[in-house]
Amino acid sequence: MSSLIFPPYVQKGDRVIILSPSSKIDKSFLKGAQKRLKSWGLEVVMAKHAGSSHGTYGGSIKQRVEDLQDALDDEKAKIILCSRGGYGAVHLLGKLDFTRFRKHPKWLIGFSDITALHNVLQKEGFASLHALMARHLTVEPEDDFCALALKDILFGHFNPETAESVETLENGFNYICPGHKLNHRGTANGILRGGNLSVFYGLRGTPYDIPTKGTILFIEDVGERPHAVERMIYNLKLGGILEKLSGLIIGQFTEYEENKSLGKELYGAIADLVKEYDYPVCFNFPVGHVSMNLPMINGAEVTLETGRKEVKLSFNLDKE
């Protein structure tokens, strides 16, 4: 087992590029993100078409590819922040050149539809950050836990504001979260991969599918009806994906109504589909379309310790 290549930690004065590879965004959120990132001491560059609109998208496919390619190629940039998710990142797949990026890797940040770009980065051999985006940086307070945790990861150290809920280690850190009655108890090591279930599901069988052996997979989603989620989990089960995992993290599923005709709630339906596996399974992990959306490093070596009362996810950031 080996983690992916980590981009370098950032320092004050480093460049971050904000772009919109999926849906269009309210420009006030671009300004808010710019203000927050500047407060971290970063140089903020707005991509040419970051505030553009083409139907529901943040620009035409050509414009969005141009912005992302320019950001990938920028030798001075250390971070690419995707302004929002929505839909549209899939349009960019297969149209990007990573030649210059490999010489000057940088952190790609985002979640939801940005899962597609995380999968691309993993295919190219690089870690990336499944984490908050422009709206969160605009509306949440300065002491917001997730924003501070993201800052700490990017800069390679943790400060007192986050130390209460994040246990720092010599070569990494731990998230410690409450347990859940449906958790499968156990401990496993693996490479953390995942993101939005429907986006991940849509890339199954393509060159951008993620490897499953040795993977601790995390999933979340928004606005998907329970039977649709169950169908996607069945696909992972029948396709032999679930049986190959080292661990499974069930994040937040939001903006849906429970379907009583299924005979059980969504988490219960998922629990039934994974009950035969002996690896640790964690339910209700704080990741997804919620304010407590913990930054997750796709491609990091992690240890998942799952119990009924407590869950610990430990990141090994020793890159030597």
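Preceding block: the structure.
About the cut-offs
Residues numbered from 1 in each chain as written. Predicted model: local features only at pLDDT ≥ 70, side-chain atom pairs only at ≥ 80, totals over all residues. Heavy atoms only, no water. Axes fitted to C-alpha atoms, helices over the stretch in contact; angles between N-to-C directions. Helix = DSSP H or I, 4+ residues; strand = E, 2+ residues; numbered from the N terminus. Parallel < 35°, antiparallel > 145°, perpendicular 65-115°, else oblique. Left-handed = near helix turned anticlockwise from the far one by under 90°. Contact = heavy atoms within 4.5 Å. Nonpolar A, V, L, I, M, F, W, Y, C, P; charged D, E, K, R; others polar. Buried < 20%, exposed > 50% of the residue type's maximum accessible area, 1.4 Å probe, protein only. Pairing = 2+ DSSP bridges. Right-handed = clockwise from strand over helix to strand, strands pointing away.

Draft legend 1. Spatial organisation of the packing of helix H9 (residues 226–238) against helix H10 (residues 266–274). One way to put it is that H9 packs onto H10 with a least axis distance of 10 Å and a crossing angle of 15°. In terms of axis orientation, H9 runs roughly parallel to H10. In the packing of H9 onto H10, the handedness of the crossing is right-handed. Where H9 abuts H10, its residues Pro226, Val229, Glu230, Ile233, Tyr234 and Lys237 lie against Leu266, Ala269, Ile270 and Leu273. Among the residues forming the contact of H9 with H10, the class breakdown is 8 nonpolar, no polar and 2 charged.

Draft legend 2. Representation of the pairing of strand S9 (residues 215–222) in the model. With 7 of 8 residues buried, S9 is to be regarded as a mostly interior element. Two strands pair when backbone bridges link them, and strand S8 (residues 186–196) and S9 are joined in this way by 6 bridges, in the parallel orientation. Across the sheet, the residue bridging to Gly195 is Ile219, located in S9. Where S9 and strand S10 (residues 247–254) come together, 6 bridges link them in parallel fashion. If you follow Ile216 over to S10, its bridge partner there is Gly247. Crossover handedness for the path S9 to H9 to S10: right-handed.

Draft legend 3. View of unusual backbone geometry. Backbone geometry places Ser112, a non-glycine residue, at a positive phi of 65°. When you line up the elements, Ser112 lands in the loop between strand S4 (107–110) and helix H4 (115–124). For Ser112, a relative accessible area of 10% puts it in the buried group. Its identity as a non-glycine residue notwithstanding, Asn284 has a phi of 65°, on the positive side. Look at Asn284 and you get partly exposed, because its relative accessible area is 36%.

Draft legend 4. View of H10. Of all 9 residues in H10, 8 are buried, a share of seventy percent or more. Burial in H10 covers these residues: Leu266, Tyr267, Gly268, Ala269, Ile270, Ala271, Leu273 and Val274. In this fold, the buried residues of H10 make contact with H9, S10 and strand S11 (281–282).

Draft legend 5. Focus on the pairing of strand S13 (residues 301–306). Relative to S13, S8 is paired through 6 bridges, and the arrangement is antiparallel. Looking at S13, one finds that Gly186 is bridged to Thr306. Sheet topology places S13 next to strand S14 (residues 310–316); 6 bridges connect them, and they run antiparallel. The partner of Glu305 across the bridge, within S14, is Lys312.

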